[in-house]
Amino acid sequence: LDFVSSPVPFVAGMVCNNGKFAEIIRMNEVKDAMTEGLSVVNLNQGKLLMTKEKGIKTIVEQSPAPIQQLSSFKDRLEVLRDSGDSSLASFSTFLKNGLSREALVT
């Protein structure tokens, strides 16, 4: 697992079971990245592990319900995945065609 430093915000994600999640959180690379801006969201458990970077906590606290908002995105992505006609249902389709119109508005 590697992280790339970026001067602009970005989102990255992965799917894993709870055992693998706990293993990933203990990795030195993740701990180091969390001091430099990485926050970890576990949508299955509804938990947010906040970055240690100065000033970020204040920004996130201004959102009334960040976990609920992200859970809504998770639910929407699951609907898109299960619909069959979304490019999110197939990685190769996504690479060839990009996001579908439905996914873009999500």
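Report follows, based on the coordinates. (Residues numbered from 1 in each chain as written. Predicted model: local features only at pLDDT ≥ 70, side-chain atom pairs only at ≥ 80, totals over all residues. Heavy atoms only, no water.)

1. Regarding helix α4 (residues 66-83)
Each full turn of the α-helix corresponds to 3.6 residues, which orients residues three or four apart in the same direction.
Turning to step 1, where the next piece is worked out: The terminal C-alpha atoms of α4, which comprises 18 residues, lie 26 Å apart, in line with the 26 Å expected from a rise of 1.5 Å per residue.
Turning to step 2, where the next piece is worked out: One or two residues past the end of α4 sits Gly84, with phi positive at roughly 85°. (Helix = DSSP H or I, 4+ residues; strand = E, 2+ residues; numbered from the N terminus. Expected span 1.5 Å × (residues − 1).)

2. A word on the environment of Arg101
Turning to step 1, where the next piece is worked out: For Arg101, the position within the fold is in helix α6 (residues 101-104).
Turning to step 2, where the next piece is worked out: Through-space distance from the C-alpha of Arg101 to that of Ser87 is 9.4 Å; in sequence the pair is 14 residues apart.

3. Observations regarding a nonpolar patch on the surface
Turning to step 1, where the next piece is worked out: A surface patch of nonpolar side chains, amounting to about 680 Å² of accessible area, comprises Leu77, Leu88, Phe91, Phe94, Leu95, Leu99 and Leu104.
Turning to step 2, where the next piece is worked out: Broken down by element, the residue count for the nonpolar patch peaks at three residues, all from helix α5 (residues 91-97).
Turning to step 3, where the next piece is worked out: In this fold, Leu77 is placed in helix α4.
Turning to step 4, where the next piece is worked out: With a relative accessible area of 40%, Leu77 lands in the partly exposed category. (Patch = residues over 30% accessible without salt bridge, like charges linked within 9 Å, V, L, I, M, F, W, Y side chains within 5 Å. Areas by Shrake-Rupley, 256 points an atom, 1.4 Å probe, with all protein chains shown as cover. Salt bridge = Lys/Arg side-chain N within 4 Å of Asp/Glu carboxyl O. Buried < 20%, exposed > 50% of the residue type's maximum accessible area, 1.4 Å probe, protein only.)

4. Digging into the side chain of Asn42
Turning to step 1, where the next piece is worked out: With respect to the element layout, Asn42 can be found in strand β1 (residues 40-42).
Turning to step 2, where the next piece is worked out: In this structure Asn42 touches Asn18, Phe21 and Lys47, once residues within four positions along its chain are discounted. (Contact = heavy atoms within 4.5 Å.)

5. Brief notes about a negative patch on the surface
Turning to step 1, where the next piece is worked out: Together, Glu29, Asp32, Glu36 and Glu53 make up a negatively charged patch on the protein surface.
Turning to step 2, where the next piece is worked out: Tracing the backbone shows Glu53 in the loop between β2 (47-49) and α3 (56-61).
Turning to step 3, where the next piece is worked out: According to the relative accessible area criterion, Glu53 is partly exposed, its value standing at 35%. (Lys, Arg positive; Asp, Glu negative; His and termini not counted. Charge placed at Lys NZ, Arg CZ, Asp CG, Glu CD.)

Structural measurements only, silent on function.
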